[in-house]
Amino acid sequence: MYIEKNREIHLQRRPQGIPVAEDFKTVAAPIAELRDGEVLIKNRWMSVDPYMRGRMIERKSYIAPFALNEVLSGGAIGVVVESRNPAFPEGTKVYSMNGWREYFISCGKDLHSLPDSPIPEQAFLGILGMPGMTAYTGLNKIAGLKEGDNVFVSAASGAVGAIVCQIAKLKGCYVAGSVGSDDKARYLQEQLGVDAVVNYKTTESLQADIAKSCPAGIDVYFENVGGAHLEAVLNLMNDHGRIAVCGMIDQYNATEPRPGPANLGQIIIKKLRIEGFIVFEHWDGYPAFVQQMSQWIEQEKISWKETVYHGIEQAPEAFIGLFLGKNTGKMLVKLGDK
Ligand code: NDP
């Protein structure tokens, strides 16, 4: 099958500050005929994630930067529409890192078949995929979550944050978080049972409001934001508290180095343990995570939301939206038919 109408998204210049539409371009990229051993995948869903912003900067990091004028990459769910590889017959649903494009050809090495599951396929980009695994790993393995801990979560209504809140509630913890809108605060409290929520955009004093939201102090901080959040929380941590440093989205679009928290001495006074992590280094725990999370979903103990943009040409807007708080739960792009 020769595909003439495949489109893909390239980065045409490195963003300065919050990315804008002009940093990206949609490019036609016809797909050739298959050779033996190859399969043709039609992507149905693609993920946009905050970490991709870091890959748009030319620098050494835990993952290589995106090249200019080449197709971007990221998590995607697709279906095999033509196969010359018996391991992936037509109709197989697959996960790959070949997002930001409508079709691609693969020899199979970069594909993972999705298990048969009543859970919608795009959940493997969210609650059953990298964000869910991040929440689970950060809380259990990095922060050593214990029953009864007082937990605070920043970016609490996002793909990772909303799952962190629910896992901590399931463990019998007190849970508070911060978000950027009253609607998001209501969602967390009314639908997910979060005990208290701070709107960091309308607060007059972030530290005073976080203190009010956590009257017994904070034992575990799940850090997604950094900056003023980290400084405020350091002052409110309990002795021997643990901070899982997952992300610092407040810094991702900074055009100059930001000042660090002025109160790092709290780490000594409170005897804190602060640990950063990259979820992919913990992927050996993925099967156990999927088993546990699938069970919670089946038992209706955990739920999730998605914010969906439609069409490959909307992918840059969806990505930019992450930095403007446009999503509740997982930000996704639906490709192909609506
Ligand atoms: P989200 O779904 O949470 O989307 C981003 C959210 O962050 C937005 O909706 C917005 O919500 C909030 N936000 C954006 N800019 C700011 C800001 N300047 N200050 C405070 N909040 C902001 O994304 P994910 O759940 O996918 O990721 C959450 C964090 O986890 C990110 O920092 C990400 O980089 C990190 N991460 C780290 C991983 C790891 O392996 N260490 C793996 C996966 C994610 P609001 O309206 O509340 O502002």
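Please read all numbers here as calculations on a predicted model, not as lab measurements.

Colleague: Just give me the short version of the packing of aromatic side chains, but keep the residues and values in it.
Modeller: Per the counting criterion, the structure on display carries 11 aromatic pairs. With a centroid separation of 6.0 Å and an interplanar angle of 35°, the aromatic rings of Phe 152 and Tyr 221 are classed as tilted. A residue pair is termed long-range when its members are at least 10 positions apart, and Phe 152 in strand 8 (residues 150–153) and Tyr 221 in strand 11 (residues 218–223) qualify at 69 residues. Of the two residues, Phe 152 and Tyr 221, both sit in the buried class. Where Trp 283 meets Tyr 286, the ring centres are 4.8 Å apart and the plane angle is 10°; that geometry is what we call stacked.

Colleague: Break down helix 4 (residues 182–192) for me, with residues and values.
Modeller: By the burial criterion, the buried members of helix 4 are Lys 184, Ala 185, Tyr 187, Leu 188 and Leu 192. Taken down its axis, helix 4 places every buried residue within 160° of arc, on the same side. Counted as exposed and oriented over 90 degrees from the buried face of helix 4: Asp 183 and Glu 190. Residues of helix 4 that are buried sit in contact with helix 3 (161–170), strand 9 (174–179) and strand 10 (196–199). One or two residues past the end of helix 4 sits Gly 193, with phi positive at roughly 75°.

Colleague: Residues and numbers for the site of the ligand, please.
Modeller: Taken together, 27 residues form the shell around the ligand, and within it Val 160, Lys 184, Tyr 200, Tyr 252 and Asn 327 come nearest. Here an oxygen atom of the ligand and a side-chain polar atom of Lys 184 are 2.5 Å apart. In isolation the ligand has 910 Å² of accessible area, and contact with the protein removes 93% of it. Classifying every residue of the shell around the ligand gives 17 nonpolar, eight polar and two charged. When residues of the shell around the ligand are assigned to domains, at least three map to each of domain 1 (7–126 + 305–334) and domain 2 (133–280).

Colleague: I'd like to hear about the side chain of Asn 85, residue by residue, with values.
Modeller: Assignment of secondary structure puts Asn 85 in the loop between strand 4 (76–83) and strand 5 (93–96). A distance of 3.1 Å separates a polar atom in the side chain of Asn 85 from the backbone oxygen of Cys 107.

Colleague: So what's going on with the pattern of salt bridges? Which residues, and what values?
Modeller: Counted according to the given criterion, the structure contains 16 salt bridges. A salt bridge links Glu 38 to Arg 35, with the nearest nitrogen and oxygen atoms 3.1 Å apart. Overall, Glu 38 belongs to the buried group, its relative accessible area being 12%. On the basis of relative accessible area, Arg 35 is assigned to the exposed category, the value being 58%. Here Asp 209 makes a salt bridge to Lys 212, at a shortest N to O gap of 3.5 Å. In this pair, Asp 209 and Lys 212 both sit in helix 5 (residues 206–213), three residues apart, roughly one turn of the helix. For Asp 209, a relative accessible area of 24% gives the class partly exposed. Here Lys 212 falls in the exposed class, since its relative accessible area comes to 66%.

Colleague: Please set out unusual backbone geometry residue by residue, giving values where relevant.
Modeller: Phi is positive for Trp 100, close to 65°, though the residue is something other than glycine. Relative to the helices and strands, Trp 100 resides in the loop between strand 5 and strand 6 (103–106). Trp 100 gets classed as buried once you look at its relative accessible area, which sits at 0%. With phi around 55°, Glu 300 is a residue other than glycine that occupies positive phi space. With respect to the secondary-structure elements, Glu 300 resides in the loop between helix 8 (286–298) and strand 14 (306–310).

So, how was this worked out
Residues numbered from 1 in each chain as written. Predicted model: local features only at pLDDT ≥ 70, side-chain atom pairs only at ≥ 80, totals over all residues. Heavy atoms only, no water. Phe/Tyr/Trp six-rings, centres within 6.5 Å; stacked < 30°, edge-to-face > 60°. Helix = DSSP H or I, 4+ residues; strand = E, 2+ residues; numbered from the N terminus. Buried < 20%, exposed > 50% of the residue type's maximum accessible area, 1.4 Å probe, protein only. Arc of directions from axis to C-beta. Contact = heavy atoms within 4.5 Å. Near = heavy atom within 4 Å. Polar contact = N/O pair within 3.5 Å; in protein donor to acceptor, adjacent residues only side chain to side chain. Areas by Shrake-Rupley, 256 points an atom, 1.4 Å probe, with all protein chains shown as cover. Nonpolar A, V, L, I, M, F, W, Y, C, P; charged D, E, K, R; others polar. Domains from an automatic or database assignment. Salt bridge = Lys/Arg side-chain N within 4 Å of Asp/Glu carboxyl O.

By themselves these figures say nothing about function.
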